[in-house]
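# A look at the structure
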Amino acid sequence: MKKLILLLLFIPLLSFGQEAFKNTLKFNPEINLIKAEASCGICMLNMEGKECELAVKIKDSKYYIVGTGIDDYGDAHSDIGFCNAVRKADIQGKVIDNEFHITYFKLTKL
């Protein structure tokens, strides 16, 4: 009984130690917007990888994105999700070590 009470008291302490994810992607008016195609790198952009990850295609170059995830914009496996559709996006960021480090990401109309 004592163990159960201790366990019930300990669980709320663990939940307070977790930080909530905050999307820190913000538009910077001093940097040009890049028109890109966004989708799953493996499923739609024919890139090498081990799992579904968000990627962008800028002109003829393809990059995996660092700074936001594939499920941050809805279910990736829905009909219009990144694993089933290539979406248009306005982005800002820069390429570092063949990855696009994103600072702003906004899907445009279908």
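First, a word on what this report is: a plain description of the structure on this page. Computed from a predicted structure; not experimentally measured. (Residues numbered from 1 in each chain as written. Predicted model: local features only at pLDDT ≥ 70, side-chain atom pairs only at ≥ 80, totals over all residues. Heavy atoms only, no water.)

Considering all chains together, one arrives at 4 aromatic pairs under this definition. When the centroid spacing of 4.7 Å and the interplanar angle of 40° are considered together, the rings of Tyr-73 and Phe-105 count as tilted. Here Tyr-73, found in the loop between strand S3 (61-66) and strand S4 (87-96), pairs with Phe-105, found in strand S5 (residues 99-107); they are 32 residues apart in sequence, far enough to count as distant. Among the residues examined, Phe-105 registers a relative accessible area of 6% and is labelled buried. Through pairs of rings, three or more aromatic residues link up here, namely Tyr-73, Phe-82 and Phe-105. (Phe/Tyr/Trp six-rings, centres within 6.5 Å; stacked < 30°, edge-to-face > 60°. Helix = DSSP H or I, 4+ residues; strand = E, 2+ residues; numbered from the N terminus. Buried < 20%, exposed > 50% of the residue type's maximum accessible area, 1.4 Å probe, protein only.)

All chains considered together, the criterion is met by 2 salt bridges. Between Asp-90 and Lys-35 there is a salt bridge, and its shortest N-O distance comes to 3.0 Å. Taken together, the residues Asp-90 in strand S4 and Lys-35 in strand S1 (residues 34-40) connect sequence positions 55 residues apart. We note a salt bridge from Lys-88 to Glu-37, for which the minimum N-O separation is 3.3 Å. Of this pair, Lys-88 sits in strand S4 while Glu-37 sits in strand S1, and the two are 51 residues apart along the sequence. For Lys-88, a relative accessible area of 45% puts it in the partly exposed group. The exposure class of Glu-37 is partly exposed, given its relative accessible area of 27%. (Salt bridge = Lys/Arg side-chain N within 4 Å of Asp/Glu carboxyl O.)

This part takes up a negative patch on the surface. On the surface, a cluster of negative charge is contributed by Glu-51, Glu-53, Asp-97 and Glu-99. In this fold, Glu-51 is placed in the loop between S1 and strand S2 (54-58). Judged by relative accessible area, Glu-51 falls into the exposed class, the value being 52%. (Patch = residues over 30% accessible without salt bridge, like charges linked within 9 Å, V, L, I, M, F, W, Y side chains within 5 Å. Areas by Shrake-Rupley, 256 points an atom, 1.4 Å probe, with all protein chains shown as cover. Lys, Arg positive; Asp, Glu negative; His and termini not counted. Charge placed at Lys NZ, Arg CZ, Asp CG, Glu CD.)

Our next topic: the sheet that holds S4. Strand order in the closed barrel made by the 5 strands is S1-S2-S3-S5-S4, with mixed pairing throughout. Averaged over all pairs of adjacent strands, the angle between strand axes in this sheet comes to 55°, irrespective of strand direction. (Pairing = 2+ DSSP bridges. Axes fitted to C-alpha atoms, helices over the stretch in contact; angles between N-to-C directions.)

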